[in-house]
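Spelled out from the first residue to the last, the chains are:
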Amino acid sequence: MNSENAADETQPELRASLDTAPDGRLLLLAPSSNRVYAGDAARLNAAEITVMADALGLNARVRPVTVAGVDYLNIAGDDDLLTRVVSEASGAFALFGSADGLLRPTALERRRPYSDDLVTIQKYQGKTNEQFTHLLLNVTAALAKRPQALLDGSLHVLDPMCGRGTTLNTCLLRGIDVTGVDLDKKDFEAYQAFITTWLRSHRLKHEIDASQVRREGRTLGRALELETAPTKEDWKAGRTQQVTYLNVDTTRLGRVMRRTSVDVVVADTPYGVQHGSHGDKLDRSPVQLLERALPSWHDTLRTGGTVGLAYNRHVVKPGELADVLDAHGFSVVHGHGAPAAGLDEDAFRHRVDASIDRDIVVARKG
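Calculation rules
Residues numbered from 1 in each chain as written. Predicted model: local features only at pLDDT ≥ 70, side-chain atom pairs only at ≥ 80, totals over all residues. Heavy atoms only, no water. Helix = DSSP H or I, 4+ residues; strand = E, 2+ residues; numbered from the N terminus. Buried < 20%, exposed > 50% of the residue type's maximum accessible area, 1.4 Å probe, protein only. Contact = heavy atoms within 4.5 Å. Salt bridge = Lys/Arg side-chain N within 4 Å of Asp/Glu carboxyl O. Polar contact = N/O pair within 3.5 Å; in protein donor to acceptor, adjacent residues only side chain to side chain. Pairing = 2+ DSSP bridges. Axes fitted to C-alpha atoms, helices over the stretch in contact; angles between N-to-C directions. Phe/Tyr/Trp six-rings, centres within 6.5 Å; stacked < 30°, edge-to-face > 60°. Lys NZ or Arg CZ within 6 Å of the ring centre and 35° of its normal.

- Per an unreviewed UniProt entry, the protein chain goes by the name SAM-dependent methyltransferase and belongs to Dermacoccus barathri.

1. Digging into the overall build of the protein chain
Part 1 of the argument: Along the protein chain, the regular secondary structure elements total twelve helices and 17 strands.
Part 2 of the argument: Here the protein chain holds 366 residues, and 54% of them are scored as buried.
Part 3 of the argument: Across the protein chain, every contact between residues at least 6 apart in sequence was considered, and the portion connecting residues at least 24 apart equals 69%.

2. Observations regarding the pattern of salt bridges
Part 1 of the argument: The final tally for this structure, using the stated rule, is 14 salt bridges.
Part 2 of the argument: The closest approach of N and O atoms between Arg-174 and Glu-88, which form a salt bridge, is 3.3 Å. Here Arg-174 is found in the loop between helix H8 (166-173) and strand E7 (177-181), whereas its partner Glu-88 is found in the loop between helix H4 (81-87) and strand E4 (92-99), with 86 residues between them in sequence. The pair Arg-174 / Glu-88 is uniform in exposure class, with both members buried.
Part 3 of the argument: Residue Lys-127 is joined to Glu-130 by a salt bridge in which the shortest nitrogen-to-oxygen separation is 2.8 Å.
Part 4 of the argument: Three or more residues joined by partner-sharing salt bridges are found here, namely Arg-84, Glu-88, Arg-112 and Arg-174.

3. Side note on the side chain of Asn-169
Part 1 of the argument: Among the structural elements, Asn-169 can be located in helix H8.
Part 2 of the argument: Taking relative accessible area as the criterion, Asn-169 reaches 1% and is therefore assigned buried.
Part 3 of the argument: Side-chain polar atoms of Asn-169 contact the side chain of Tyr-191, separated by 3.0 Å.
Part 4 of the argument: Those residues in contact with Asn-169 that sit more than four places away from it in its chain are Leu-118, Val-119, Gln-122, Tyr-191, Phe-194 and Ile-195.

4. Description of unusual backbone geometry
Part 1 of the argument: The phi angle at Ala-68 is positive, at roughly 55 degrees, despite the residue not being glycine.
Part 2 of the argument: Position of Ala-68 among the secondary structure elements: in the loop between strand E2 (61-67) and strand E3 (70-76).
Part 3 of the argument: When its relative accessible area of 52% is taken as the criterion, Ala-68 is described as exposed.
Part 4 of the argument: Unlike most non-glycine residues, Ala-341 shows phi in positive territory, near 55 degrees.
Part 5 of the argument: Mapped onto the elements of the fold, Ala-341 is located in the loop between strand E15 (330-334) and strand E16 (350-353).
Part 6 of the argument: Residue class for Ala-341 comes out partly exposed when judged on its relative accessible area of 30%.

5. As for the sheet that holds strand E1 (residues 24-29)
Part 1 of the argument: A sheet is described by the order of its strands in space; here five strands give the open sequence E2-E3-E1-E4-E5, paired in antiparallel fashion. Every interior strand has two partners, whereas the edge strands, E2 and strand E5 (102-106), have only one. Sheet twist, expressed as the mean angle between neighbouring strand axes with direction ignored, is 35 degrees.
Part 2 of the argument: Bridge count for E1 against E3 is three bridges, and the pairing is antiparallel. Counted as the bridge partner of Leu-26 is Asn-74 from E3.

6. Some thoughts on H8
Two residues of an α-helix separated by three or four positions point the same way, owing to the 3.6 residues in each turn.
Part 1 of the argument: The element H8 is extensively covered by neighbouring structure, given that eight of its eight residues are classed as buried.
Part 2 of the argument: Every buried residue of H8 is listed here: Thr-166, Thr-167, Leu-168, Asn-169, Thr-170, Cys-171, Leu-172 and Leu-173.
Part 3 of the argument: Gly-175 occupies a position one or two residues after H8 and carries a positive phi of about 75 degrees.

7. Section: the packing of aromatic side chains
Part 1 of the argument: A complete count under the given rule lists four aromatic pairs for this structure.
Part 2 of the argument: Seen in terms of ring centroids, Phe-188 and Tyr-245 are 5.1 Å apart; in terms of plane orientation they differ by 85 degrees. Their pairing is edge-to-face. Taken together, the positions of Phe-188 in helix H9 (residues 185-201) and Tyr-245 in strand E10 (residues 241-247) put the pair 57 residues apart, joining distant regions of the chain.
Part 3 of the argument: Looking at Phe-188, the relative accessible area reads 1%, which means it is buried.
Part 4 of the argument: On the basis of relative accessible area, Tyr-245 is assigned to the buried category, the value being 1%.
Part 5 of the argument: Their ring planes at 45 degrees and their centres at 5.8 Å tell us that Tyr-191 and Tyr-245 sit as a pair that is tilted. Of this pair, Tyr-191 sits in helix H9 while Tyr-245 sits in strand E10, and the two are 54 residues apart along the sequence. Neither residue differs from the other here; Tyr-191 and Tyr-245 are each classed as buried.
Part 6 of the argument: Just above the ring of Phe-132 sits the side chain of Arg-358; from NZ or CZ to the centre is 3.7 Å.

Written as structure tokens, this is what we have:
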């Protein structure tokens, strides 16, 4: 039997398996996402896409399906903008159109001006998975007053607990301006070393500067200022992205950042496992830190902007976070008693390991 005849004989079996494919778009999720979330990737990405589509006024129906033994998300909806939304999902790997029982590859329509290794190279204990960082950013920005900014790249994001910079790199990858804040000097230096090496190894036009942060004659910390562009043509035309890392106390952010200067705040709060929050003593719960930090975060955020917090349910309850957010001028739009887009309020809850039961809460200013 020659190879051509062999292909002809296997084709009917392939066609039969594809005949069960539902109409609409089929999203294949990144394999690494499934390993990290231990089977929760489809559910989490379905909720993420639902929130994003609902915020933009799109009627999308999202459900997991299996085609020829492979798991996909089936996204039904007619609006062309839906492809753009689906393409930005945190676990998006490949997109297919489904019609007449056949799958046809469809290009992902997403902003990725830089190579993905920007977010995958760094490996260290306690690193937040970059796909979860994408998800937290997507959901938080979608629930802000101006959700379209997530797609057009006009956001200015603040991560006031940025550590070694997973959020900074995620935003840079997507062509979004971002400011990170962290008091840990080792984290600041590790990020400075990484991003400097990465920019040089990729031969990207950039300017990077480290300086002291001084106010009223006192040194509050250090600042790393980065400006770069994906191509020489973009650099010459001024189409650049800015990344700022402030090595200062997040509870004193109001002294070093302008009021109402950011659109979205995202933070992976201490889970009380490897790291706690520092007040008068090490505290497993992030509530004490949030009580001191939220006033300055609130001042830095524009009216209608949102703050999205990831937290560990083993060390803090949803009601506690809702109460502290409400006390500082925020209104919960997803989380305790306020599920977004008709979802269950536990739609983003998932087990990371035996000690971390992770969930998110999103609240809006004004």
